[in-house]
Amino acid sequence: MYNAPVLLACLIKNGLNAHVYQCNILLQAYINSQALSDAHKLLHFIPRSSVVSYNTILSGYFKFGLVSQAIKFFDETPKRDCHAWNMVLSGFVKNHKLGEASIYFMKMRSSSVRPDSFTYSTVIPGCDLGFGRQLHADIVKVCSDLDAFLGTNLFRMYAEAGEIGDARKVFDGMPSRDFVTWDAMISCYSKYGMGEMSVELCRELGGEGISADEYTYAIVLNEFAARWQVFEAMQMHSLIIQPSHLFEEISDQHVVSWTVLIVGFLRSGHLEEAMWLFHQMLLADIEPNSFTFGGLLGACASANAFQKGTQFHGLVMKFGLGADVVVGSAVVDMYLKCGEMDDALRAFQEMPERDIISWNGIISGYGQNGAGTKALKLYNEMLQQGITPNEVTFVGVLCACSHNCLLKEGYNYFKEMVDKHLIKPKAEHYTCMVDLL
């Protein structure tokens, strides 16, 4: 950029400053060298600056994190196209200014500029359910087709708000769905405890001629493990490796293959055989992953095998999986189902990351073990950490109230669920309320 001023002088001397294309190239060169003030000066030398000229400088402000200066420049810009609006919206979202992003989106809709798919995909991830529904209605009016990227962002918004039914409606209504779209929907079902739907969707994925990857298989295998469905697990295993001699060839296979066989033994009630296979896996230098331990810890929880569960907890730490939210939740669930409340709480508090499933598990566990007051205290802690409750959360909360005769609290939480969190009560919620009476 040492020669940029010289180039600018040559442009002016030769009357080429009227050539917008050459000036825009120089503008970008100034931006690349962080010379924003020089770029501003050059803009004033261009007699007929284009929208690209303004967008180049605007992108420079955002590139170097100068958000307030970028917005000031944008507000004063006479030429603004969809790309400029998208840069502003994206800048707000990346800097966690979601309120401002919503305000400027509404300004855009009031202007003559029509939003595109990228506009909506930028705003949707940071919006709440109410604003998200407004955006959805707007998308139907503005966009002729719901492309895979926009559709995936839209149903993820619904899923993260706990509206799985609405998420599925968006998914089903998409004219084109790529692998990322299918994988995201399968993950949503699994995340919210709807494993059967994850499995069903995986089957539909195969019917569409789209090949699942190891991550998708792992999700489905984990659901089979949770339901102890050995036959289905073995079928899934055949899709992954299709061996002619299962046990002879397994040493050469991925950890998923080992996990499937271990789950198969667990599902059929052969806990000791599963333990033996796990040790063979270790001897083969195959390192277990979160799904391996998830299946084993789940089996220990179901069998009330506290000692074995504790041993697996130790191995979890040894293999460096203590920070994994899936494994952490399985450890907590194992301790809860074994009635070891102090160990469960300790394991929960040691988790570096806790999602809604983790919180739901600990709240429900304490409630069902007669510690309703502690369950409600944990619920309030969850809210303080900014975690939004879903319908499963309130089943645990209301059960805690029911099991501990907390009539007034149960009524208040039911009202909070409906009025504040806009969750439509289901049969499980009404059952808890009836039990309170």
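Since we're looking at a predicted model, the values are computed, not measured. Think of each chain on its own: its residues are numbered from 1, step by step along the sequence as written. With the structure being a predicted model, the display of local features is reserved for residues of pLDDT at least 70 and the display and counting of side-chain atom pairs for 80 or more, all residues being used for whole-chain, interface and lining totals. To obtain the side-chain values, all non-hydrogen atoms of the structure were included, while hydrogens and water were left out.

*Asks:* Hey, could you run me through unusual backbone geometry in this one?
*Replies:* If a residue is not glycine, its phi is most likely negative; likewise, a peptide bond is most likely trans. Phi angles above zero are rare outside glycine, and Asn304 is one such case at about 55°. Assignment of secondary structure puts Asn304 in the loop between helix H19 (290-303) and helix H20 (306-318). If you check the backbone angles, Cys405 has positive phi at about 55° while not being a glycine. The helix count covers DSSP runs of H or I at least four residues long, the strand count covers runs of E at least two residues long, and both are numbered beginning at the N terminus. Structurally, the position occupied by Cys405 is in the loop between helix H25 (391-403) and helix H26 (407-419).

*Asks:* Hey, could you run me through the pattern of salt bridges in this one?
*Replies:* Two side chains of opposite charge can pair, provided their charged atoms sit close to one another. By convention in these notes, a salt bridge is any Lys or Arg side-chain nitrogen within 4 Å of a carboxyl oxygen on Asp or Glu. Tallied over the full model, the rule gives 12 salt bridges. One salt bridge in this structure joins Glu204 and Arg168, with 3.6 Å as the shortest N-O distance. One end of the pair, Glu204, is in helix H13 (residues 195-207); the other, Arg168, is in helix H11 (residues 164-173), with 36 residues separating them in the sequence. With a relative accessible area of 32%, Glu204 lands in the partly exposed category. For Arg168, a relative accessible area of 14% puts it in the buried group. Ionic contacts of the salt-bridge type, sharing partners, join the residues Arg168, Asp172, Arg177 and Glu204 into one network. Partly exposed residues are those whose accessible area sits between 20% and 50% of the maximum for their type, while under 20% is buried and over 50% is exposed, using a 1.4 Å probe and protein chains only.

*Asks:* Sorry, what's going on with the confidence of the model for the protein here?
*Replies:* Regions with low pLDDT should not have their predicted coordinates read in detail. Each residue carries a pLDDT value, the predictor's own confidence for that position, ranging from 0 to 100. Per-residue pLDDT for the protein has a mean of 81; in total, 83% of the residues score no lower than 70. Residue contacts are counted whenever heavy atoms from the two residues lie within 4.5 Å of one another. Note that residues 228-235 has pLDDT below 50 and, in this model, 20 contacts with residues that lie over four places away or in other chains. Counted against residues more than four places away or in other chains, residues 237-252, with its pLDDT under 50, gives 22 contacts.

*Asks:* Whenever I open this one, the nonpolar core confuses me. Can you help?
*Replies:* The nonpolar side chains of a soluble globular protein tend to be buried, and buried together. Nonpolar core, defined: a set of buried Ala, Val, Leu, Ile, Met, Phe, Trp, Tyr and Cys residues in which side-chain atoms within 4.5 Å join the residues together. Residues Leu58, Tyr120 and Phe155 are the most contacted members of the largest nonpolar core, which totals 66 residues. For Phe155, the residues in contact, after removing those within four places along its chain, are Ala167, Val170, Phe171, Met174, Thr181, Ala184, Met185 and Cys188. Grouped together as the second largest cluster of nonpolar side chains are 62 residues, Val255, Leu261, Leu277 and Val327 included.

*Asks:* Would you mind showing me how to read the packing of helix H18 (residues 271-283) against H20 here?
*Replies:* The axes of two packed helices give the description: the angle between them and the distance between them. Remark: H18 packs on H20, axes separated minimally by 13 Å, with the N-to-C direction vectors making an angle of 20°. One finds that H18 runs roughly parallel with respect to H20. Here H18 runs over H20; the crossing is left-handed. Judged by residue contacts, Leu271, Glu272, Met275 and Phe278 of H18 engage Lys308, Phe312 and Leu315 from H20. When residues are grouped by polarity, Ala, Val, Leu, Ile, Met, Phe, Trp, Tyr, Cys and Pro land in nonpolar, Asp, Glu, Lys and Arg in charged, and all others, Gly among them, in polar. Taken together, the residues of the contact of H18 with H20 sort by class into five nonpolar, no polar and two charged. Angles run from 0 to 180 degrees between N-to-C directions of axes, and those axes are lines fitted to C-alpha atoms, restricted for helices to the stretch in contact. Comment on the angle field: the value is read as roughly parallel under 35 degrees, roughly antiparallel over 145, roughly perpendicular from 65 to 115, and oblique elsewhere. Crossings are sorted by hand: turned counterclockwise from the far helix by less than a right angle, the near helix makes the crossing left-handed, and turned clockwise it makes it right-handed.

*Asks:* Help me out: how do you make sense of helix H12 (residues 179-191) in this one?
*Replies:* Given 3.6 residues per turn, any residue in an α-helix points the same way as the ones three and four places further on. Between its first and last C-alpha atoms H12 spans 18 Å; for 13 residues at 1.5 Å apiece the expected length is 18 Å, and the two agree. Three or more residues of H12 are buried, namely Thr181, Trp182, Asp183, Ala184, Met185, Ile186, Ser187, Cys188 and Tyr189. Sitting at the amino-terminal end of H12 is Asp178, which places a side-chain oxygen 3.2 Å from the backbone nitrogen of Val180. Once H12 ends, the next one or two residues include Gly193, with phi positive near 75°. Helix span is expected to be 1.5 Å times the residue number reduced by one. Polar contacts, as used here, are pairs of N or O atoms within 3.5 Å; protein pairs need one atom able to donate a hydrogen and one able to accept it. Residues neighboring in sequence count only if both atoms are side-chain atoms.

*Asks:* Would you explain the packing of helix H21 (residues 325-337) against helix H23 (residues 356-368) in this entry?
*Replies:* In contact at an axis separation of 10 Å, H21 and H23 are set at 5° when each is read in the N-to-C sense. In terms of orientation, H21 and H23 fall into the roughly parallel class. Only Ser358, Gly361, Ile362, Gly365 and Tyr366 of H23 make contact with H21, whose side of the interface consists of Val325, Ser329, Val332 and Leu336. For the contact of H21 with H23, a count of residues per class yields five nonpolar, four polar and no charged.

*Asks:* Is there a simple way to explain the packing of aromatic side chains in this structure?
*Replies:* Aromatic rings from Phe, Tyr and Trp, with only the six-membered ring used for Trp, were paired whenever their centres fell within 6.5 Å, and each pair was classed as stacked if the ring planes differed by under 30 degrees, edge-to-face if by over 60, and tilted otherwise. Counted by the stated rule, this structure contains 17 aromatic pairs. Ring geometry for Phe278 versus Phe312: centroids 5.4 Å apart, planes at 80°, classification edge-to-face. Separated by 34 residues along the polypeptide, Phe278 in helix H18 and Phe312 in helix H20 bring together distant segments of the chain. With respect to class, Phe278 is no different from Phe312; both count as buried. Centroid distance Phe293 to Phe319: 6.2 Å. Interplanar angle 45°. Geometry classified as tilted.

*Asks:* For this particular structure, what's the right way to read the side chain of His429?
*Replies:* Note on placement: His429 falls in helix H27 (residues 427-436). What makes His429 buried here is its relative accessible area of 1%. Leaving out residues up to four positions away in the same chain, His429 has contacts with Glu391, Phe394, Val395, Leu398, Phe414 and Met417.

*Asks:* Would you mind showing me how to read the state of the cysteines here?
*Replies:* Linking two cysteines covalently through their sulfur atoms gives a disulfide. Pairs of cysteine sulfur atoms within 2.5 Å are identified as disulfides in what follows. Tallied over the full model, the rule gives zero disulfides. Cys432 provides the cysteine sulfur closest to Cys399, a residue in no disulfide bond, and the two sulfurs are 3.2 Å apart. Summary of cysteine pairing: Cys401 is not part of a disulfide, and the nearest cysteine sulfur, belonging to Cys432, is at 9.0 Å. The class of Cys401 is buried, set by a relative accessible area of 0%.

*Asks:* What should I look at first to understand helix H6 (residues 82-94) in this one?
*Replies:* The end-to-end C-alpha distance of H6 is 18 Å, a good match for the 18 Å that 13 residues give at a rise of 1.5 Å each. For H6, the buried fraction is high: 10 of the 13 residues fall into the buried class. Within the span of H6, buried status applies to Cys82, Ala84, Trp85, Asn86, Met87, Val88, Leu89, Ser90, Gly91 and Phe92. At its buried positions, H6 is contacted by helix H4 (51-63), helix H5 (67-76), helix H7 (98-110) and helix H8 (117-123).

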